[in-house]
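Inside the fold
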Amino acid sequence: QQPETTFATEDLPFAAYLHATRHLRFLACENSERGRVAFVFADPNHTGDNLHLDFESGAECAAVTFYDSIRHLRRVMDRTRSRSNEQHEHRTRPR
């Protein structure tokens, strides 16, 4: 079985748009190399870049759904950050 093709973004509003519209299926939130978090979506048809262009050009979705997606992704982002901080503290504690 081939690994799932994914699309990642560090842009919370765009991630919320993808989540709210269900254009792509949300998979996970991961820490990026730059100390930020990346929202990872399944992208079997390689449409992520075009969806980003649509979003930047003013694509719309229902405000209430967008707000719910922002809240959900922030919670996931906060959990990802705290897990990362806990792992970092655990590794750097003197023994």
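Predicted model only: the values in this text are computed from it and were never measured.

What counts as what
- Residues numbered from 1 in each chain as written.
- Predicted model: local features only at pLDDT ≥ 70, side-chain atom pairs only at ≥ 80, totals over all residues.
- Heavy atoms only, no water.
- Salt bridge = Lys/Arg side-chain N within 4 Å of Asp/Glu carboxyl O.
- Helix = DSSP H or I, 4+ residues; strand = E, 2+ residues; numbered from the N terminus.
- Buried < 20%, exposed > 50% of the residue type's maximum accessible area, 1.4 Å probe, protein only.
- Patch = residues over 30% accessible without salt bridge, like charges linked within 9 Å, V, L, I, M, F, W, Y side chains within 5 Å.
- Areas by Shrake-Rupley, 256 points an atom, 1.4 Å probe, with all protein chains shown as cover.
- Lys, Arg positive; Asp, Glu negative; His and termini not counted.
- Charge placed at Lys NZ, Arg CZ, Asp CG, Glu CD.
- Phe/Tyr/Trp six-rings, centres within 6.5 Å; stacked < 30°, edge-to-face > 60°.
- pLDDT = per-residue confidence, 0-100.

Comments concerning the pattern of salt bridges
One pass over the structure, following the stated rule, counts 3 salt bridges. For Arg 34, the salt bridge is made with Glu 10, and the minimal N-O distance between the two is 2.3 Å. Placement of the pair is Arg 34 in the loop between β2 (25–31) and β3 (37–42) and Glu 10 in the loop between β1 (6–9) and α1 (12–21), with a sequence separation of 24 residues. Assessed through its relative accessible area of 60%, Arg 34 is described here as exposed. Here Arg 36 ties to Glu 10 by a salt bridge, and the two come within 3.5 Å at their closest N and O atoms.

A few points about a positive patch on the surface
A cluster of basic residues, Arg 71, Arg 75, Arg 79 and Arg 83, forms a positive patch at the surface. With respect to the helices, strands and loops of the structure, Arg 75 is situated in helix α3 (residues 63–92). Using a relative accessible area of 44% as the deciding quantity, one classes Arg 75 as partly exposed.

Regarding the packing of aromatic side chains
Tallied over the entire structure, the rule returns 5 aromatic pairs. On the basis of an interplanar angle of 20° and a centroid distance of 6.4 Å, the ring pair of Phe 14 and Tyr 17 is categorised as stacked. Pair noted here: Phe 14 and Tyr 17 are both in helix α1, with a separation of 3 residues, about one helical turn. In terms of burial, Phe 14 and Tyr 17 fall into one category: buried. Ring centres of Tyr 17 and Phe 55 lie 5.2 Å apart, and the angle between their planes is 40°; on these two criteria the pair is classed as tilted. With Tyr 17 in helix α1 and Phe 55 in helix α2 (residues 48–56), this residue pair connects regions lying 38 residues apart in the sequence. Exposure class is identical for Tyr 17 and Phe 55. Each is buried. Every member of this aromatic cluster is reached through a ring pair, and the members are Phe 7, Phe 14, Tyr 17 and Phe 55.

A few points about the confidence of the model for the protein chain
Chain-level pLDDT for the protein chain is 90 on average; 88% of the residues reach the 70-or-more range. Within the protein chain, no element has a lower average pLDDT than α3, which sits at 85, and none a higher one than α1, at 98.

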